[in-house]
Amino acid sequence: MLERSGRLGARLVLLLLLLLSRLGGREGVVGDRSEGREPLQPFDRLYDSGVEAYYSGDYPRVVHLMERALTSYRRLRDGRLRCRLRCRAEVPLVPLVPPLPPETTPGPAEELRFFGAVLRRALCLRQCEQEELGGPPSRHRASDEVRTDFHRRVPYNYLQRAYIKLNQLEKAAEAAHTFFMANPEHMEMQQNIENYKTMAGVEMVHFIDREAKPHLENYSAGVKHYEAGNFELAIESFEKALKEYFTADMECRALCEGPQRFEEYEYLEYKASLYEAIADHYMQILVCEHECVRELATRPGRLSPIENYLPLHYDYLQFAYYQVDEYVKALECAKSYLLFHPDDEDVQDNVSYYESLLEEGLDPETIEPREDAAKFLKRHKLESEIIKSSAAGLGFLYTEPNYWTSYGGRQDENQVPSGVNSELAEVHGQSMERKTITNTERELKEGFFEQQKNTVPLFRKGGPLLFSDVKFVYNSEQLNGTQRVLLDNVLSEEECRELHSVASGIMLVGDGYRGRTSPHTPNEKFEGATVLKALKFGYEGRVPLKSARLFYDISEKARKIVESYFMLNSTLYFSYTHMVCRTALTGQQDRRNDLSHPIHADNCLLDPEANECWKEPPAYTFRDYSALLYMNGDFEGGEFIFTEMDAKTVTASIKPKCGRMISFSSGGENPHGVKAVTKGQRCAVALWFTLDPLYRELERLQADEVIATLDQEHLGSLELNINPKDEL
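Rules behind the numbers
- Residues numbered from 1 in each chain as written.
- Predicted model: local features only at pLDDT ≥ 70, side-chain atom pairs only at ≥ 80, totals over all residues.
- Heavy atoms only, no water.
- Helix = DSSP H or I, 4+ residues; strand = E, 2+ residues; numbered from the N terminus.
- Buried < 20%, exposed > 50% of the residue type's maximum accessible area, 1.4 Å probe, protein only.
- Pairing = 2+ DSSP bridges.
- Contact = heavy atoms within 4.5 Å.
- Axes fitted to C-alpha atoms, helices over the stretch in contact; angles between N-to-C directions.
- Disulfide = S-S within 2.5 Å.
- pLDDT = per-residue confidence, 0-100.
- Phe/Tyr/Trp six-rings, centres within 6.5 Å; stacked < 30°, edge-to-face > 60°.
- Lys NZ or Arg CZ within 6 Å of the ring centre and 35° of its normal.

Draft legend 1. Structural detail: unusual backbone geometry. Within the chain, N308 stands out as a residue other than glycine whose phi angle is a positive 60°. With respect to the secondary-structure elements, N308 resides in the loop between α12 (292–296) and α13 (309–323). Using a relative accessible area of 0% as the deciding quantity, one classes N308 as buried. One non-glycine residue, D325, lies in the positive phi region at around 65°. Secondary-structure assignment places D325 in the loop between α13 and α14 (327–340).

Printed below as a string of structure tokens:
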């Protein structure tokens, strides 16, 4: 009986939809069905079949099914998008007639017109999607797990493996690069890509991102042109990026109009009234649309968006237009930037300066911010007000994120960042929380930029080194970066020999690397040990206790030097201490083109393509300063290198030797790596420090207790509880 009444109700609703569509005078809103279109196959079924084919070793079928799955996934998104945009245009919900006077009470006719439009749009969407997909939309409801795989680009991982089996190297490289762009922490894929680069027939043009977002690609191109001084090309790229951004924003908002979401089994107890149900669902949609700002500024595989992303377009453009003498457009873009950051004094000064450059008779007041920026921000603020007020009334939690931070700014090479005083940055140890891109000084005075073009900021050496035998070698300026220092004689020759001797007695292969013998390259063997382990071995008599204690003492000496040199205002704590030796494996050094340790940053995920460093897990975001204290130099290769954020351009190269120490801030301002060790063994004490006591190294605290006990000569029956860390 219930089933029959349900069918009857559905027919009545459909009849009402058809009736209302005629009353609304909008027959045929969907249009004629396209003949001959092949029904779209569900992407999740194709994907599952492709995975089965992979594990059965049928690689041609893997390629066929995975490529079809990706095509189906793309067609499904595009089809839904076309339908939602089409039906939004053809069936507007806002009445086209003038609104009623304030004193007039809306009657039933107004409500019927509104809900009639809602029903007509629902009918439009249903018919359109059935035409686009060649069948009922319900066939394409995939599980969250499968959708996550597609969001993470997992199908491309299967594709690159299948293509390499089929010896289709160009397509394998393309698939590998596409996967890696969304999974930059995937070390195996990174190594695969390095291997592809050495293969015959594979060129850099094959490393393309098949899922690249045009607005992000054009933005990145604009930044590169800008930094290279190609301002005409920068303007072209940023203007394209803005156009693509607003298109992507419209699409993102349309795709938010999905089904209502419930937490687990919440829907079973959902008993909302008509207007509560409408409000609940609409608020989900509105919050999703509001978050498109964050979504469009976030690169694939990242949790954090590019800071200040949309306003930065106008910031770059205002200066680029100034450089090509288009002062009206420069003023227009500067005013657009001020819509987002009205209190930015630097850009306010720019506006005044641009106005002084205008042709005589041209009124500056007639030059207004760009209309697209003004409309965008007006809608964004209105959405924010609605969400906040509704959150309080409907009883759900909502915190408005800071979508546009004023400190996320463009970077002008060879100019002093306004966020950090170049002379004091090194002295006071100001480390960028996330990346080196900061607001640049925008003093637009006559000739200022010409004078600054070839100027490099000078840095002081820093604070005292505390120990008379320690020798200062290079500071940040001489190392072509920020927050860097190179010192010699931190260890004596005798101490180096003693440490090297104790290393041979305490190190285990894979220690600190989750047991992996060759964690960064298959051409070297890695061994390591912690301070606590050294003290335990010393106490047990396996190595001289004096030598084990030396490891503890020299790491504490290094900590004091780093804290003093960078003149930190708070205590620097150990985050992790690790003695590590890497040994070149004989017979595997011919034609090596890899690194001993790939280019990386110590507290963020380096993204060379985006020129970003993302301070988010799995990076050790709590690390603030790093140091490497070298124990020997009798090996070949193994130079420590700093690079630009592109992970390619080397800015400084340091040859290790006994007693040499390199120290630097741990963020994206200091990408670094180690060149291949091609002969012999390279040993060093690696030190990471934090300013947050919550992230103090547990084993270090235990080692402190051991040392205190030894100093008091009350060893007793001290039991050492070893808890090895896998932090590298």
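Draft legend 2. Region of the structure containing the environment of E493. If you trace the backbone, E493 turns up in helix α19 (residues 493–506). Classification of E493 by relative accessible area gives exposed; the value is 53%. Spatially, the C-alpha atoms of E493 and C658 are 6.5 Å apart, while their sequence positions differ by 165 residues.

Draft legend 3. Examining the sheet that holds strand β9 (residues 625–630) more closely. In spatial order, the strands read β1-β2-β13-β9-β16-β5-β4-β3; together these eight strands make up an open sheet with antiparallel pairing. Only two strands of the sheet have a single partner each, and these edge strands are β1 (471–474) and β3 (508–509). As defined by bridge partners, strand β4 (residues 524–529) adjoins strand β5 (residues 573–584) across six bridges and the pair is classed as antiparallel. Across the sheet, the residue bridging to K525 is T583, located in β5. The strands that α19 touches are β3, β4, β5, β9 and β16 (681–690); relative to β5, the one it contacts most, it runs at about 80°.

Draft legend 4. Broad picture of the state of the cysteines. Enumeration according to the criterion identifies seven disulfides in this entry. The disulfide that involves C252 links it to C292, with 2.1 Å between the sulfurs. With the S-S dihedral at roughly -90°, the linkage between C252 and C292 falls on the left-handed side. Taken together, the residues C252 in helix α10 (residues 231–255) and C292 in helix α12 connect sequence positions 40 residues apart. Each member of the pair, C252 as well as C292, carries the same accessibility label: buried. Here C581 engages in a disulfide with C683; their sulfurs sit 1.9 Å apart. Classification of the bridge connecting C581 and C683 rests on its S-S torsion, roughly 115°, and on that basis the disulfide is right-handed. Linking C581 in strand β5 with C683 in strand β16, this pair joins segments that are 102 residues apart in sequence. Both residues of the pair, C581 and C683, belong to the buried class.

Draft legend 5. Molecular detail of the confidence of the model for the protein chain. Summing up the model confidence of the protein chain, the mean pLDDT is 80 and the portion of residues at 70 or higher is 80%. Highest mean pLDDT in the protein chain belongs to β9 (97); lowest belongs to helix α17 (residues 422–428) (30). For residues 1–36, every residue scores under 50 in pLDDT, and the model assigns this stretch 32 contacts once sequence neighbours within four places are set aside. Low confidence marks residues 722–728, where pLDDT is under 50. Its contacts with residues over four positions away, or in another chain, come to 27 contacts.

Draft legend 6. Just the pairing of β4, in detail. Taking burial as the measure, the six residues of β4 include five buried ones, the bulk of the element. Here β3 pairs with β4 via two bridges, running antiparallel. Bridge pairing links V509 to E527 in β4.

Draft legend 7. Layout of the packing of aromatic side chains. All chains considered together, the criterion is met by 36 aromatic pairs. Centre to centre, the rings of Y620 and F622 are 6.0 Å apart; their planes meet at 70°, and the pair counts as edge-to-face. Summarising the burial analysis for this pair, Y620 and F622 share the class buried. Residue placement shows K557 over the ring face of F467; its charged tip is 5.0 Å from the ring centre.

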